[in-house]
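The lines below spell out each chain.
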Amino acid sequence: MSATNSELPVADVSTADASVTPATQPPTANSNEIAALPQGELTLQTVAMPADTNWSGDVFGGWLLSQMDLAGAVMARRRAMGRVVTIALDNMVFHVAVKVGHVIACHCRLQKIGRTSLQIFVEVWEVHDSLKPPVKVTEGLFTYVAIDEFGNKRLVPVIE
Ligand SMILES: CC(C)(COP(=O)(O)OP(=O)(O)OC[C@H]1O[C@@H](n2cnc3c(N)ncnc32)[C@H](O)[C@@H]1OP(=O)(O)O)[C@@H](O)C(=O)NCCC(=O)NCCS
């Protein structure tokens, strides 16, 4: 059984961490209209392959979710300085279908650092045609928990 928060040593985990993107306006489902370009750090880029599609030739939402989870985990793991696991996914929106051969770019923003958790907003943009502007295909808020080698939660290290 994992330890409860109250059993963990108290640390002054600051949400004013310099690596956290200031968010006066939290991202919204229609932020496509607000931000016409990808926001955040590119942590993963890949190509949709035939094996990633359903019977209609559209890419599975689950495949995209998986890429987003990986992209967010790259950032979370770096900031947490070690293992993380995904605990929650919120505000997921699929805006546009992805087709085979499309290149998708996952951009991540660290929204919040808690005691043991990190919230990372992930946007996916379709960027296969360099002559056209990128198109936002999906976005969502992923929450990761820092864990130790036994799978128990641990504090996210404070960075001064
Ligand atoms: C991650 C895990 C170790 C956390 O242990 P726990 O005792 O249940 O954790 P808690 O309930 O204390 O929550 C830990 C942190 O996650 C946050 N959290 C919990 N549920 C959440 C939710 N639904 N949404 C957002 N954050 C959540 C808590 O607020 C807390 O953050 P904080 O410490 O920064 O304040 C445990 O839940 C686990 O192993 N889950 C499975 C993870 C996994 O296998 N993921 C992959 C699935 S394929």
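Source: prediction; values computed, not measured.

**Q** Honestly, the overall build of the protein in this entry has me stumped. Any pointers?
**A** The number of helices and strands found in the protein is two helices and five strands. Listing the helices and strands of the protein from first to last along the sequence gives α-β-α-β-β-β-β. For the protein, the residues scored as buried account for 31% of the 160 residues in total. Residue pairs in contact within the protein that sit at least 24 positions apart in sequence constitute 74% of those at least 6 positions apart.

**Q** Which parts of the structure should I look at to understand the environment of Ile147?
**A** By the element assignment, Ile147 lies in the segment after strand 5 (135-146). Ile147 gets classed as partly exposed once you count the C-beta atoms within 10 Å, which come to 18. Distance from Ile147 to Arg83, taken between C-alpha atoms, is 5.5 Å for residues 64 residues apart in sequence.

**Q** What exactly am I supposed to notice about the site of the ligand here?
**A** Near the ligand lie 15 residues; those nearest to it are Ala88, Gly114, Arg115, Thr116 and Ser117. Listing elements by their share of the shell around the ligand, those giving two or more residues are strand 2 (84-94) and strand 5. It is strand 2 that provides the largest number of residues to the shell around the ligand, a total of four residues. Of the residues belonging to the shell around the ligand, the class tally is five nonpolar, eight polar and two charged.

**Q** What is the right way to read the nonpolar core from this model?
**A** General note: in soluble globular proteins, nonpolar side chains tend to be found buried as a group. Counting residues in hydrophobic clusters, the biggest one holds 30 residues, and the most contacted among them are Cys106, Ile120 and Val122. Broken down by element, the residue count for this core peaks at seven residues, all from helix 2 (residues 61-80). Look past the residues within four positions of Val122 in its chain and what remains in contact with it is Met68, Ala71, Gly72, Cys106, Cys108, Glu139, Gly140 and Phe142.

About the criteria used
- Residues numbered from 1 in each chain as written.
- Predicted model: local features only at pLDDT ≥ 70, side-chain atom pairs only at ≥ 80, totals over all residues.
- Helix = DSSP H or I, 4+ residues; strand = E, 2+ residues; numbered from the N terminus.
- Buried ≥ 20, exposed ≤ 12 C-beta atoms within 10 Å, placed from the backbone.
- Contact = placed C-beta atoms within 7 Å.
- Near = placed C-beta within 6 Å.
- Nonpolar A, V, L, I, M, F, W, Y, C, P; charged D, E, K, R; others polar.
- Core = buried A, V, L, I, M, F, W, Y, C linked by C-beta atoms within 7 Å.

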